[in-house]
Amino acid sequence: MADGLLAGVGLGSQAMTPQPERTGWAVEEEPAPLEKGLFQDEDSCSDCSNHDKPGSSLPSFVPSGKIHFPEIFQTSQLLFYERFKAYQDYILADCKASEVREFTAEFLEKVLEPSGWRAVWHTNVFEVLVEVTNVDFAALKAVVRLADPYLCESQVSSFTLECMNELLNLKEHRLPLQELWVVFDDSGVFDQTALAIEHVRFFYQNIWRSWDEEEEDEYDYFVRCVEPRLRLHYDILEDRVPSGLIVDYRNLLSQCEESYRTFLNLRSSLSNCNSDSEQENISMVEGLKLYSEIEQLKQKLKLIENPLLRYVFGYQKNSNIQAKGIRLNGQKVMHVVSSTMMTGLLRSLLRDRLCQEPCKEETEIQFHSDPLSAINACYEGDTVIVCPGHYMVHGTFAIADSIELEGYGLPDDIVIEKMGKGDTFVDCTGVNIKISGIKFIQHDAVEGILIIHRGKTTLENCVLQCETTGVTVRTSAEFLMKNSDLYGAKGAGIEIYPGSKCTLSDNEIHHCKEGILIKDFLDEHYDIPKISMMNNVIHNNEGYGVVLVKPTIFSDLQENVQDEIEENRALKIPTSEEAGTAERVDLEELIQCATGKMELYTRSSLSEQVEGNCEIVNELVAASTQKGQMKKKRLSELGIIQADDNLMSQEMFVSIVGNQFKWNGKGSFGTFLF
């Protein structure tokens with residue numbers, strides 16, 4: 001029966017080797033390709049042996065240390081889908097949070113050998129070899145005795161046989177299953193026992209939270225909690241989550257656990273107090289404050305745990321890069337990057353770039369063999385000229401000063417490729433940064449190929465070959481992208497945050513998960529972004545060409561908004577010339593102008609272009625109107641009446657003209673409601 005239950009949960013690939021868990025025992029191995037089976041890698045580790053014997057199908061390892069313990073089943077390298085299937089199909093199913101222990105006990109009764117196997121009892125202080133004589137399934141504990149011969153290794157002080165027997169007597173010889181590592185047996189009899197204990201150990205170390213049982217007792221505990229936490233765990237292992245967000249998550253988790261323990265102690269003290277004293281009233285107020293604090297922390301944790309919300313809202317970190325400013329002597333330097341400098345290349349540089357005009361004063365020129373060293377040497381106003389070549393960069397381009405980074409030649413001839421892991425590739429915080437004529441190739445950058453935290457960054461005539469996210473435009477940042485090609489992002493090609501300004505002109509954005517993602521659009525704490533899109537070709541993306549993220553609006557606001565949208569659509573449409581001569585173009589004229597200009601295209605492509613451009617404009621109009629309604633409602637509640645209903649009072653921003661949306665998997669435009 002055990003073989004049937006866990007047939008689909010056996011070990012597979014080593015592609016995702018987990019980091020050492022709290023037990024401190026995890027074999028360090030180089031990840032193997034996904035298609036390579038676990039048992040095909042014979043040289044993966046010196047202390048991990050792959051037993052090709054008829055009985056056992058699991059590998060084993062020898063615990064490190066001075067004491068020669070027997071081999072242990074290696075079960076900590078299960079893949080995501082293996083753990084997912086085990087928890088969903090065999091262990092938890094559709095149980096409530098309050099039923100987790102009961103369901104786990106039932107599972108263990110079916111697959112766990114009740115006695116006759118040995119294990120290493122592993123704690124933070126010592127390891128000792130024990131023999132299991134019985135299992136208390138309901139308590140998730142094993143009844144044990146010390147094995148013969150006595151093997152014990154302590155990290156603090158020596159534990160004699162008498163001391164260990166005394167400790168076991170205090171525990172009534174009952175130990176938590178998750179503290180036991182099953183000794184390897186090549187007969188295969190104890191394979192399922194080792195796997196079952198691994199699932200219990202992993203669950204209580206990485207998935208279960210002490211407050212889960214007290215939350216709303218619904219039948220979707222696996223969907224609500226287990227699946228998102230499991231995905232987050234493996235996303236972290238695969239370097240899909242920014243390091244700063246991982247730190248934030250762990251800090252939030254520690255704060256929540258500490259606050260919850262304090263809350264439990266306070267609640268326990270109140271339950272033992274029968275008097276209606278002043279101290280009790282104070283404690284109740286403290287308890288309410290703690291409860292509110294815990295709920296806020298839990299919501300923040302859920303936001304990070306949910307993969308969709310984590311992707312949509314992103315990680316808004318503040319870059320700590322400090323600008324150097326102008327040199328003390330006020331001089332600006334020209335940095336030339338070339339792996340080798342030939343006489344012909346130097347003559348061309350002198351003719352085309354270094355001596356274009358008679359200089360009033362001498363300009364210092366510094367030569368570098370790689371672009372990263374040139375960027376690090378820059379001060380305010382410097383220029384970096386990158387000569388043709390393929391440059392491999394280990395690190396992040398942290399640009400905090402207003403500089404120009406330009407390629408000398410065609411982008412395909414000037415390639416900067418990121419090697420190694422890190423959150424970002426190009427990190428911009430300067431007031432006015434210009435990048436042109438370069439091809440960037442991204443590898444293992446969790447947050448994207450280019451991030452503009454603040455200031456203005458201009459990207460012209462560049463190629464961005466992405467691997468995760470493409471360009472991210474943070475709040476209060478400005479981004480101008482012209483005549484460039486962006487492709488390959490597993491997330492969005494461009495992510496636009498509220499309060500930012502983004503101008504896209506004559507670009508191609510293709511073969512990404514989404515073309516452009518406009519995030520958290522209606523957050524009342526931020527201004528709406530200012531977005532201009534002109535003559536871009538957005539094609540062959542997996543999802544939508546453009547995605548707008550917005551909250552679900554209350555029904556009463558939506559009804560008012562819908563009326564205003566219908567009025568806007570019913571207005572007379574003027575020509576683009578009339579719109580161009582007006583000193584101030586209002587919102588309706590903006591839509592009309594876009595429509596008028598799109599009529600210049602041929603009839604064959606008119607339908608798709610008009611649909612894409614107008615749909616985006618109309619949605620942004622609706623979103624802006626909703627924001628205005630929310631603002632008016634808040635002011636009305638405060639007794640402030642605002643008579644101006646003109647949508648231009650919202651400083652409508654959008655200019656979307658002449659863009660082409662082709663062959664996007666879900667269409668030109670979509671919305672995500674949260």
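Structure shown above.
Residues numbered from 1 in each chain as written. Predicted model: local features only at pLDDT ≥ 70, side-chain atom pairs only at ≥ 80, totals over all residues. Heavy atoms only, no water.

K.L.:
Is there a simple way to think about helix 2 (residues 80-91) in this case?
P.N.:
Residues separated by three or four positions in an α-helix point in the same direction, a consequence of the helix having 3.6 residues per turn. Compared with the 16 Å implied by 1.5 Å per residue over 12 residues, the 15 Å span of helix 2 between its first and last C-alpha is a close match. Residues Phe-80, Glu-82, Arg-83, Phe-84, Ala-86, Tyr-87 and Ile-91 constitute the buried set of helix 2. If you follow the buried residues of helix 2, they end up packed against helix 3 (100-111), helix 5 (191-207) and helix 6 (221-237). Positive backbone phi, approximately 50 degrees, marks Ala-93, located one or two places after helix 2. (Helix = DSSP H or I, 4+ residues; strand = E, 2+ residues; numbered from the N terminus. Expected span 1.5 Å × (residues − 1). Buried < 20%, exposed > 50% of the residue type's maximum accessible area, 1.4 Å probe, protein only. Contact = heavy atoms within 4.5 Å.)

K.L.:
How do you make sense of the pattern of salt bridges when you look at a structure like this?
P.N.:
Pairs can form between side chains of opposite charge whenever their charged atoms are close. Inspection of every chain in the model, using the stated rule, returns 16 salt bridges. The closest approach of N and O atoms between Arg-174 and Asp-136, which form a salt bridge, is 2.8 Å. Of this pair, Arg-174 sits in strand 8 (residues 174-176) while Asp-136 sits in strand 5 (residues 126-136); the two residues are 38 residues apart in sequence, bridging distant segments of the chain. Residue Glu-295 is joined to Lys-298 by a salt bridge in which the shortest nitrogen-to-oxygen separation is 3.0 Å. (Salt bridge = Lys/Arg side-chain N within 4 Å of Asp/Glu carboxyl O.)

K.L.:
How do you make sense of the sheet that holds strand 22 (residues 463-465) when you look at a structure like this?
P.N.:
Across a sheet, paired strands are connected by hydrogen bonds in the backbone, their directions being either parallel or antiparallel. Read from one edge to the other, the open sheet built from 8 strands follows the order 13-16-19-22-25-28-31-34, with strand pairing classed as parallel. Here the strands that pair on one side only, and so sit at the sheet edges, are strand 13 (389-394) and strand 34 (660-662). Between one strand axis and the next, the sheet turns through 10 degrees on average, direction left out of account. Summarising the sheet, strand 13 and strand 16 (residues 414-419) pair through 6 bridges and their orientation is parallel. Within the sheet, the bridge partner assigned to His-394 lies in strand 16 and is Met-419. (Pairing = 2+ DSSP bridges. Axes fitted to C-alpha atoms, helices over the stretch in contact; angles between N-to-C directions.)

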